[in-house]
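This is what each chain is made of:
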Amino acid sequence: MKNDIEKFIERFRGDNLDLPEEERNKIVEYTVHKYTNGYCYFFAKMLQAAFQRGDVVILAPHSHLVWRDVDGKLYDVTGEVSEKDYEDFECQIEEECLGDALKDFLCRENYYNNTTWDEIMQLI
């Protein structure tokens, strides 16, 4: 049985839209693509705001931010995320520890940090 978080994510993606399956699948696919290719930070912040708990973490050394609920479970637009989904996952780094590296996830033109691999390794 799906929990409230998974149900929220499915509604956000459009899984529940009363549309022909092919059209609904395209909407879901587009939404997942957008929030796993550059806008993951904003989706994680939305989950944090919607459920008023947890925190946002990056799955280092990957460039993917997720929401971590108070029970330690991780979520992104695809649903619950497992650390096992990330082959060379090393650790979770809280949003507040990222410093200027967070700029790389804000999707603002000419506003980024260009965090280097060495800087990522220092954060880890």
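Please refer to the structure higher up on the page.
What you see is a predicted model; the values in this text were computed from it and never measured. (Residues numbered from 1 in each chain as written. Predicted model: local features only at pLDDT ≥ 70, side-chain atom pairs only at ≥ 80, totals over all residues. Heavy atoms only, no water.)

Caption draft 1: Local environment of the environment of Pro61. Tracing the sequence through the fold places Pro61 in the loop between strand E1 (55-60) and strand E2 (65-68). Exposure remark for Pro61: the relative accessible area of 10% places this residue in the buried category. Expressed as a C-alpha distance, the spacing of Pro61 and Ile120, which sit 59 residues apart in the sequence, is 6.7 Å. (Helix = DSSP H or I, 4+ residues; strand = E, 2+ residues; numbered from the N terminus. Buried < 20%, exposed > 50% of the residue type's maximum accessible area, 1.4 Å probe, protein only.)

Caption draft 2: Examining the sheet that holds E2 more closely. Taken in spatial order, the five strands line up as E4-E3-E2-E1-E5 in an open sheet, and their pairing is antiparallel. Each edge of the open sheet is held by one strand with a lone partner, namely strand E4 (79-81) and strand E5 (91-94). Neighbour-to-neighbour, the strand axes of the sheet open up by a mean angle of 45°, direction not taken into account. Of the strands in this sheet, E2, strand E3 (74-76) and E4 are in contact with helix H1 (residues 4-13), which crosses E3 at around 10°. (Pairing = 2+ DSSP bridges. Axes fitted to C-alpha atoms, helices over the stretch in contact; angles between N-to-C directions. Contact = heavy atoms within 4.5 Å.)

Caption draft 3: Region of the structure containing the packing of H1 against helix H3 (residues 40-51). Orientation of H1 relative to H3, taken along the N-to-C sense of each, is 125°, at an axis distance of 12 Å. As summarised for this structure, H1 and H3 are arranged oblique, according to the angle between their axes. The handedness of the crossing between H1 and H3 is right-handed. Across the interface between the two elements, Asp4, Ile5, Phe8, Ile9 and Phe12 from H1 touch Phe43, Met46, Leu47, Ala50 and Phe51 from H3. Residue composition of the contact of H1 with H3, by class: nine nonpolar, no polar and one charged. (Parallel < 35°, antiparallel > 145°, perpendicular 65-115°, else oblique. Left-handed = near helix turned anticlockwise from the far one by under 90°. Nonpolar A, V, L, I, M, F, W, Y, C, P; charged D, E, K, R; others polar.)

Caption draft 4: Examining the side chain of Glu6 more closely. Position of Glu6 among the secondary structure elements: in helix H1. One buried charge, Glu6, has no salt-bridge partner; the nearest side chain with opposite charge is Lys2, at 6.6 Å. (Lys, Arg positive; Asp, Glu negative; His and termini not counted. Salt bridge = Lys/Arg side-chain N within 4 Å of Asp/Glu carboxyl O.)

Caption draft 5: View of the nonpolar core. Membership of the largest hydrophobic core comes to 25 residues, with the highest contact counts inside it found for Tyr41, Leu47, Leu65, Trp67 and Leu98. For this core, the secondary-structure elements that each account for two or more residues are H1, helix H2 (21-36), H3, E1, E2 and E5. Residue contributions to this core peak at six residues, all from H3. The residues touching Tyr41, leaving out its near neighbours within four places in the chain, are Val56, Leu65, Glu95, Leu102, Phe105 and Leu106. (Core = buried A, V, L, I, M, F, W, Y, C linked by side-chain atoms within 4.5 Å.)

Caption draft 6: Summary view of the pattern of salt bridges. Across all of its chains, the model carries eight salt bridges by this definition. We note a salt bridge from Asp15 to Arg13, for which the minimum N-O separation is 2.8 Å. Its relative accessible area of 29% is what places Asp15 among the partly exposed residues. By relative accessible area, which is 10% here, Arg13 ends up buried. The residue Asp55 makes a salt bridge to Arg68 at a minimum N-O spacing of 2.9 Å. Remark: Arg68 occurs in strand E2 and Asp55 occurs in strand E1; sequence separation between them is 13 residues. Here Arg68 falls in the buried class, since its relative accessible area comes to 16%. Each of Asp55, Arg68 and Glu94 takes part in salt bridges that share partners, so that together they form one network.

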